[in-house]
Amino acid sequence: MHVVLLGQNSNFNVFTESIPMISSTNLTYIFGEWIGMMHSEKYLLLGIKWSLLALIVVPIWIFCYVYLSVFVVLIYDKIPVMKEHFSNGCVLTLAYLWDIFGRIWHGYELHGIENLPEGSGLIIYYHGAIPLDYIFFIARLYLVQKRLCHSVVDRFAKKFPGYQILFEKLSMITGTKEACLSVLKCNLLGVSPGGTREALFSDENYKMIWAKRIGFAQLAIDAKVPIIPMFTQNNREGYRTLGKIEMYENLRIPVVPIYGGFPVKWTTYIGEPIPHDPNITAEELAKKAKLALQALIDKHQTRPGSIGRALLERFHHYRKND
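Residues numbered from 1 in each chain as written. Predicted model: local features only at pLDDT ≥ 70, side-chain atom pairs only at ≥ 80, totals over all residues. Heavy atoms only, no water.

Colleague: Would you take a moment to explain the packing of helix H8 (residues 215–223) against helix H11 (residues 282–300) for this structure?
Modeller: Between two packed helices, both the angle of their axes relative to each other and the distance between the axes serve to describe the pair. Their axes nearest at 8 Å, the elements H8 and H11 cross at an angle of 110 degrees. It follows from the interaxial angle that H8 and H11 lie roughly perpendicular. Residues Phe216, Ala217, Gln218, Ala220 and Ile221 of H8 form the contact with H11, whose participating residues are Ala282, Leu285, Ala286 and Ala289. When grouped by side-chain class, the residues that make up the contact of H8 with H11 number eight nonpolar, one polar and no charged. (Axes fitted to C-alpha atoms, helices over the stretch in contact; angles between N-to-C directions. Helix = DSSP H or I, 4+ residues; strand = E, 2+ residues; numbered from the N terminus. Parallel < 35°, antiparallel > 145°, perpendicular 65-115°, else oblique. Contact = heavy atoms within 4.5 Å. Nonpolar A, V, L, I, M, F, W, Y, C, P; charged D, E, K, R; others polar.)

Printed below as a string of structure tokens:
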């Protein structure tokens, strides 16, 4: 807009230079941008505060939940009446405890349970930053079928105070060949070929880090049992590792910081079993098992994973595009 000033003397006209004026629309826009910037900074600071809080609260929360489980085991173990009359009550209580956690915080679902053999079998799974999804699987399986899936865990995990008694109650072993063969005579056994290295150094692209591990395949051959692949969708969106610190390679201590605790949707899929074949080598079986697990990841996981999308799946079912 321009304003023209006309002098009061009729003998001549006085014209001023054109003066730019700011319209009400421009004022509203500028004011809105200023307010928006203030709110953006406010929300940014709020997001940073919540993120830092999550880095502290989530590990403490999981830590307390684990020791709540230890406390439950001690109650059943130390009170003679409960130990005598409720021999399976401890595992059942733990199953309900963790299943409630999974249902509320991650909307946990389990699909493909019909693929599990009635007898023994070796379950292989992708290892997330924190294997809570595997614990949820153990809990749900026990509640549905009253079957306790035995597990192979890292030796480092048993060094935490109180964990030993909990692992014994949940049939978790450190993975010697003799112990595993004994379990596989009549039980399911879960193992992650990637182990702690995969947990710490994989990312939202869900790369399997198995190196040249074939021990699990040889174990399945010796025990004459099928291998069953298992994968949890959005595993890495719940909990993630912060960077890649190589101290694990030298000290074997998992020191990579873990953050998250996001209440994303978790769905565990159990694939079709790979039947026992006496004519296959351990190398060939390991490769076959890796391809089967990779197929589950390709089918059910969009990569790279998105925390936002995984959160939305709590309210709206999302199907991965082929």
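Colleague: Looking at this structure, how should I read the sheet that holds strand E5 (residues 188–191)?
Modeller: In a beta sheet, neighbouring strands are held together by backbone hydrogen bonds and run either parallel or antiparallel to one another. Taken in spatial order, the seven strands line up as E1-E9-E6-E2-E5-E3-E4 in an open sheet, and their pairing is mixed. Each edge of the open sheet is held by one strand with a lone partner, namely strand E1 (109–111) and strand E4 (172–173). Sheet strands in contact with H11 are strand E2 (121–125), strand E6 (227–233) and strand E9 (267–270), and its direction is about 30 degrees off that of E6. (Pairing = 2+ DSSP bridges.)

Colleague: Before we go on, may I ask you to explain empty space enclosed by the protein in this structure?
Modeller: Using a probe with the size of a water molecule, rolled over the atoms, empty space left in the structure can be pinpointed. On inspection of all chains with the given rule, the structure shows three cavities of 30 Å³ or more. When its volume is computed, the largest cavity comes out at roughly 90 Å³. Taken together, Val91, Leu94, Ala95, Trp98, Ile135, Ile138, Ala139, Tyr142, Leu148, Leu170 and Met172 make up the lining of the largest cavity. Counting only elements with at least two residues in the lining of the largest cavity, the list comes to helix H3 (89–106) and helix H4 (132–145). Of the residues assigned to the lining of the largest cavity, the class counts are eleven nonpolar, no polar and no charged. Put simply, the second largest cavity is a space of about 40 Å³. (1 Å grid on protein atoms, 1.4 Å probe; cavity = no way out; pocket = protein on both sides within 12 Å on 5 of 7 lines; lining within 4 Å. Points joined across faces, edges and corners; volume = space filled by probe spheres on them.)

Colleague: Mind showing me how you'd approach the pairing of E6 here?
Modeller: Within a regular beta strand, the side chains point alternately toward one face of the sheet and then the other, so they alternate between its two faces. Burial analysis of E6 places seven of its seven residues in the buried class, the great majority of the element. Burial of E6 is two-sided: the residues Ile227, Pro229, Phe231 and Gln233 facing one way and the residues Ile228, Met230 and Thr232 facing the other way are all buried. The pairing of E2 with E6 spans four bridges and is parallel. Paired with Ile124 across the bridge in E6 is Pro229. (Buried < 20%, exposed > 50% of the residue type's maximum accessible area, 1.4 Å probe, protein only.)

Colleague: Teacher, can you tell me more about the side chain of Arg236 here?
Modeller: Structurally, the position occupied by Arg236 is in helix H9 (residues 235–238). We note that Arg236 is buried and unpaired, the nearest opposite charge coming from Glu198 at a distance of 6.3 Å. Within the structure, the side chain of Arg236 is placed 3.4 Å from the backbone oxygen of His127, a separation counted as a polar contact. The contacts of Arg236, once residues within four sequence positions are left out, are Tyr126, His127, Gly128, Ala129, Glu198, Ala199, Leu200, Ser202, Asp203, Glu204, Tyr206 and Thr241. (Lys, Arg positive; Asp, Glu negative; His and termini not counted. Salt bridge = Lys/Arg side-chain N within 4 Å of Asp/Glu carboxyl O. Polar contact = N/O pair within 3.5 Å; in protein donor to acceptor, adjacent residues only side chain to side chain.)

Colleague: Help me understand the packing of aromatic side chains, please; the structure alone is not making it clear to me.
Modeller: The way to describe two aromatic rings as a pair is by their centre distance and the angle between their planes. All chains considered together, the criterion is met by 15 aromatic pairs. Grouping aromatic residues by their ring pairs yields a cluster made of Tyr65, Trp98, Phe101, Tyr108, Phe136, Tyr239 and Trp266. (Phe/Tyr/Trp six-rings, centres within 6.5 Å; stacked < 30°, edge-to-face > 60°.)

Colleague: I would appreciate a short explanation of the environment of Asn205 in the present structure.
Modeller: Among the structural elements, Asn205 can be located in the loop between helix H7 (195–201) and H8. Among the residues examined, Asn205 registers a relative accessible area of 39% and is labelled partly exposed. Asn205 sits 100 residues away from Gly305 along the chain, and the two C-alpha atoms are 6.5 Å apart.

Colleague: In this structure, what is going on with the pattern of salt bridges? I would like to understand it.
Modeller: If charged atoms from side chains of opposite charge come close, those side chains can pair. Following the criterion strictly, the structure yields six salt bridges and no others. Here Arg103 makes a salt bridge to Asp99, at a shortest N to O gap of 2.6 Å. Highlighted residues: Arg103 and Asp99, both in helix H3, separated by four residues, approximately one helical turn. Exposure remark for Arg103: the relative accessible area of 49% places this residue in the partly exposed category. A residue is classified by how much of its surface remains accessible, and Asp99, at 5% relative accessible area, is buried. Two residues, Lys177 and Asp222, come together in a salt bridge whose shortest N-O distance is 3.0 Å. Of this pair, Lys177 sits in helix H6 (residues 177–183) while Asp222 sits in helix H8; the two residues are 45 residues apart in sequence, bridging distant segments of the chain. Linked through salt bridges whose partners overlap, the residues forming this network are Asp99, Arg103 and Arg140.

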